[in-house]
Amino acid sequence: MEAYQYPDGSITYPGHPIGPGGEEPVDTVDLSEYTAEVVTWTTSMAAPPGVREPNTLAIVEFDVDGEPVRALGGVTTDDIDIGDEVRPVYVEELREPGAGIREPESQDWDGYRFEPV
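What you are looking at is a predicted structure, and each value in this text was computed from that prediction instead of being measured. All chains use their own residue numbering, which begins from 1 and follows the written sequence. Given that this is a predicted model, residues contribute local features only at a pLDDT of at least 70 and side-chain atom pairs are listed and counted only at 80 or more, while totals for whole chains, interfaces and linings are drawn from all residues. Side-chain metrics in this entry use all non-hydrogen atoms of the structure; hydrogen atoms and water are not considered.

1. Here's the deal with the sheet that holds strand β8 (residues 111-116)
Each pair of strands is called paired provided DSSP finds at least two bridges between the two strands. Here a strand is any run of E in DSSP of at least two residues, a helix any run of H or I of at least four, and the numbering for each starts at the N terminus. Ordered by their spatial adjacency, five strands build an open sheet running β6-β5-β4-β7-β8, and the pairing between neighbours is antiparallel. Both edges of this open sheet fall to β6 (67-74) and β8, since each of them pairs with a single strand only. With strand direction ignored, the average angle separating the axes of adjacent strands in the sheet is 35°. Of the pairings in the sheet, the one linking strand β4 (residues 36-44) to strand β5 (residues 55-64) comprises eight bridges and is antiparallel in character. Its bridge partner lying in β5, Thr43 is registered against Thr56. Helix axes use the C-alpha atoms of the stretch in contact, all axes being lines fitted to C-alpha atoms, and the angles between their N-to-C directions lie in the range 0 to 180 degrees.

2. Structural notes on the packing of aromatic side chains
Stacked, tilted and edge-to-face are the three classes applied to pairs of Phe, Tyr and Trp rings, where Trp contributes its six-membered ring and a pair requires centres within 6.5 Å; stacked means planes under 30 degrees apart, edge-to-face means over 60, and tilted covers the rest. This structure, assessed with the given rule, holds two aromatic pairs. With 5.8 Å between their ring centres and 75° between their planes, Tyr90 and Tyr112 make a pair best called edge-to-face. One end of the pair, Tyr90, is in strand β7 (residues 85-91); the other, Tyr112, is in strand β8, and 22 residues separate them in sequence.

As structure tokens, this is what we get:
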């Protein structure tokens with residue numbers, strides 16, 4: 001979960017080539033080393049092909065040395081609530097590679113989900 005840090009101290013996830021202040025990033029931050037707080041969540045009952053149903057997603061906020069960084073992602077359980085503390089956990093397959101319309105070899109299938117601490 002690599003975020004980008006910019007000269008003005010702001011951090012974005014995902015990273016962008018130009019930050020909020022109009023400058024290029026100067027460093028990266030590995031958000032997988034931090035915990036976050038659930039800001040809000042929702043459950044999708046009509047997920048894209050290959051994505052588990054129901055698919056619970058959360059917006060979480062990390063505190064990186066006083067700088068807030070928000071991220072959107074799936075959670076490991078449907079038992080989640082606003083204010084819960086979560087940590088990113090690596091997942092090899094976020095969705096079924098053969099279920100989409102693209103060639104499976106043309107995409108990355110791994111990533112992170114949020115797990116309650």
